[in-house]
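What the coordinates show
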Amino acid sequence: MDRKLLDLLVCPATRQPLALLDRAALAALNAAAEAGTLRRADDTPQSAPLREALVTRDHRIVYRVDDGIPVLLVEEGIPTAQVADFPKA
């Protein structure tokens, strides 16, 4: 993802800056998705693995990036509290 774009992006719900999600956190989310337990804010399942994602500063919400395009919709955010082994900030 382009660094200039990343510097401009904020969470639509909390207005916190967003950062690229690291590999360990991405692996934790993908393990939950594979197990069928990962849900978006609107309670729809996130069953597809994430290749890239953005996370809020407090590490409470993740937004997926599809083909290089951030999906910054509140209802599509993924609350991280549902993933027991998600690394905290």
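Parameters and conventions
- Numbering of residues starts from 1 in each chain and follows the order in which that chain's sequence is written.
- The predicted nature of this model means local features are confined to residues of pLDDT at least 70 and side-chain atom pairs, given and counted, to a pLDDT of 80 or more, with totals for whole chains, interfaces and linings taken over all residues.
- Each side-chain value is derived from all of the structure's non-hydrogen atoms; neither hydrogens nor water enter the calculation.
- The helix count covers DSSP runs of H or I at least four residues long, the strand count covers runs of E at least two residues long, and both are numbered beginning at the N terminus.
- Every radius of gyration here is taken over C-alpha atoms, with the globule rule written as 2.2 Å times N^0.38, N being the number of residues.
- Contacts are assigned to residue pairs with any non-hydrogen atoms lying within 4.5 Å of each other.
- The method behind every accessible area is Shrake-Rupley, applied with a 1.4 Å probe, and residues are considered shielded solely by the protein chains displayed.
- Counted as positive: Lys and Arg. Counted as negative: Asp and Glu. His and the chain ends are not counted at all.
- Charge placement uses NZ in Lys and CZ in Arg. For Asp and Glu, CG and CD serve respectively.
- What makes a salt bridge here is a side-chain nitrogen of Lys or Arg within 4 Å of a carboxyl oxygen of Asp or Glu, nothing more.

This part takes up the overall build of the protein. Tallying secondary structure elements over the protein gives two helices and five strands in all. Beginning at the N terminus, the succession of helices and strands in the protein can be written as α-β-α-β-β-β-β. The C-alpha radius of gyration of the protein comes to 12 Å, within 12% of the 12 Å expected for a compact globule of 89 residues. Principal-axis analysis of the C-alpha atoms places the extent of the protein at approximately 35 × 25 × 25 Å. Contacts in the protein between residues at least 24 apart in sequence constitute 58% of all its contacts with a sequence separation of at least 6. Accessible surface, the protein as shown: approximately 5400 Å² in total, 53% of it carbon and sulfur. For the protein, the centre of its 11 positive side-chain charges and the centre of its 13 negative side-chain charges are spaced 4 Å apart.

Any two side chains of opposite charge can pair, given that their charged atoms come close. Evaluation of the coordinates by the stated rule reveals five salt bridges. Measuring nitrogen to oxygen at the nearest pair gives 3.0 Å for the salt bridge that ties Asp43 to Arg39. Linking Asp58 and Arg60 is a salt bridge whose minimum nitrogen-to-oxygen distance equals 3.9 Å. Each of Arg40, Arg64, Asp66 and Glu76 takes part in one network of salt bridges that share partners.

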